[in-house]
Amino acid sequence: MIFKVYYQENIAEAPVRENTESLYVEASAVFEVRRKLKDKPYNIEFIQPVDGAFYEYEKQSENYKVLEI
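Note on numbering: residues in each chain are counted from 1, in written sequence order. Since the coordinates come from a predicted model, pLDDT governs what is reported: local features require at least 70, and pairs of side-chain atoms require 80 or more to be given and counted, while whole-chain, interface and lining totals use all residues. Hydrogens and water are ignored here; the side-chain numbers use all heavy atoms of the structure.

### Observations regarding the pairing of strand β1 (residues 2–8)
As a reminder of what qualifies: Classification of residues uses two cut-offs on accessible area relative to the type maximum, computed with a 1.4 Å probe and protein chains only: under 20% is buried, over 50% is exposed, and between them is partly exposed. What counts as a helix is a DSSP run of H or I of at least four residues, what counts as a strand is a run of E of at least two, and both are numbered from the N terminus. Any two strands with at least two DSSP-identified bridges between them are counted as paired.
By the criterion of burial, β1 is predominantly enclosed, with 6 of the 7 residues buried. When β1 meets strand β2 (residues 21–26), the two strands line up antiparallel, connected through 6 bridges. Looking at β2, one finds that I2 is bridged to E26. Strand direction decides the pairing type here: β1 and strand β3 (residues 43–50), joined by 7 bridges, are antiparallel. Considered in β3, the bridge of Q8 is made with N43.

This is the structure:
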């Protein structure tokens, strides 16, 4: 399953919506996504499963790239 992860680049700063980035990770569950990203300096805001019509829509985005971890 593909998950969309919303995060901030700087873990030391308070989250600001305008600075929110996103990436895509393939995993079996949310805890696995967190485990894969634990060594990254990201302040994870939200992890959302991507499937169905939402997945098809996201694939059309120019920013769509599944992170290989």
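### Observations concerning the sheet that holds strand β4 (residues 66–67)
Note the threshold: In what follows, a contact means two residues having at least one pair of non-hydrogen atoms within 4.5 Å. Axis lines are fitted through C-alpha atoms, for helices just across the contact stretch, and the angle between N-to-C directions can take any value from 0 to 180 degrees.
The 4 strands lie next to each other as β3-β1-β2-β4, forming an open sheet whose pairing is mixed. Taken across any chain shown, the strands that pair with only one partner, and hence form the sheet edges, are β3 and β4. Against the sheet, helix α2 (residues 52–59) touches β1, β2 and β3, its axis set at about 115 degrees to β3.

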